[in-house]
Amino acid sequence: KNVAQDVFDFYDTSKAVRIVQQLMVMTPEFHTWGSKIQPAGANKRDVRGNEEGPINDYKAVVYWMMDGGCDSFNLLVPKSGCPSKDMYAEYSNVRGSLTMSLSNLLDISTTGQVCDTFGIHKDF
């Protein structure tokens, strides 16, 4: 919600609507963009493609169902070194049958994250 509000506060309404639509299409969860699209005090972004108004009043809702693809919640999987709790167990509990097994994950070592080691599918 804050991201959408920031966009509407920063751009004119027609451009803001376009940006929010792009955010909704491009992210599985709205929170993945973080708290701000653009840091305070930054120059306005040049948003193109919405210079002209609509040519008619036609509106449609498009539902796009894709099989496969890159499921962002399976792209980086918490594996180990998570001091507060077992994040892999929590991930496995939430993802259920979609959980990627530890044997299918390649290790990625990190610093400054909630876990020391994440996994990425071995076919990536």
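Read on for an overview of the structure.

Reading guide: rules and limits
- Within each chain, residue numbers correspond to sequence positions counted from 1 in written order.
- A pLDDT threshold of at least 70 governs which residues receive local features in this predicted model, and a stricter bar of 80 or more applies before side-chain atom pairs are shown or counted, although totals over entire chains, interfaces and linings include all residues.
- Remark: hydrogens and water are excluded; side-chain values derive from all non-hydrogen atoms of the structure.
- Strand pairing requires that DSSP identify at least two bridges connecting the strands.
- Counting from the N terminus, the helices are DSSP H or I runs at least four residues long and the strands are E runs at least two residues long.
- Under this scheme, a helix contributes an axis fitted over its contacting stretch, all axes are lines through C-alpha atoms, and angles between N-to-C directions fall in the 0 to 180 degree range.
- Any two residues whose heavy atoms approach within 4.5 Å at even a single point are treated as in contact.
- To sort residues, take the accessible area from a 1.4 Å probe on protein chains only and compare it with the maximum for the residue type: under 20% means buried, over 50% means exposed, and anything in between is partly exposed.
- Any N or O atom pair separated by 3.5 Å or less is treated as a polar contact, with the protein-specific requirement of one donor-capable and one acceptor-capable atom, and with residues adjacent in sequence counted only for side-chain atom pairs.
- Here, a disulfide means two cysteine sulfur atoms that sit within 2.5 Å of each other.
- Only Phe, Tyr and Trp rings take part, Trp by its six-membered ring, and two of them pair if their centres are within 6.5 Å. Stacked means planes under 30 degrees apart, edge-to-face means over 60, and tilted covers everything else.

Let us now look at the sheet that holds strand 1 (residues 77-80). Picture the strands of a sheet paired through backbone hydrogen bonds; they go either parallel or antiparallel. Here we have 3 strands laid out as an open sheet, ordered 1-3-2, and antiparallel in their pairing. Each of the sheet's edge strands pairs with one partner strand only, and the pair in question is strand 1 and strand 2 (105-109). Direction aside, neighbouring strands of the sheet carry axes that sit 45° apart on average. Relative to strand 3 (residues 117-121), strand 1 runs antiparallel, the two sharing 3 bridges. Within strand 3, the residue paired with Pro-78 across the bridge is Phe-118. Contacting strand 1 and strand 2, helix 3 (residues 87-95) crosses the sheet at an angle of about 140° to strand 1.

Within the fold, Lys-79 resides in strand 1. For Lys-79, a relative accessible area of 19% corresponds to the buried category. A polar contact of 2.3 Å, which involves the side chain of Lys-79, links it to the side chain of Asp-107. Apart from residues no more than four positions distant in its own chain, Lys-79 is found in contact with Tyr-88, Leu-102, Leu-105, Asp-107, Thr-117, Phe-118 and Gly-119.

Throughout the structure, instances matching the rule amount to 1 disulfide. Residue pairing for Cys-82: its cysteine sulfur links by disulfide to Cys-115, the two sulfurs lying 1.9 Å apart. Here the disulfide of Cys-82 and Cys-115 is right-handed, its torsion about the S-S bond being about 105°. Here the residue Cys-82 occupies a position in the loop between strand 1 and helix 3, and Cys-115 occupies one in the loop between strand 2 and strand 3, the gap between them amounting to 33 residues. As far as the burial class goes, Cys-82 and Cys-115 line up, both buried.

The tally for this structure, following the rule as stated, stands at 1 aromatic pair. Residues Tyr-88 and Tyr-91 carry aromatic rings whose centres are separated by 5.6 Å and whose planes lie at 45° to one another, so their mutual orientation is tilted. Taken as a pair, Tyr-88 and Tyr-91 lie in helix 3 at a separation of 3 residues, close to a single helical turn. Tyr-91 shares its class with Tyr-88; the two are buried.

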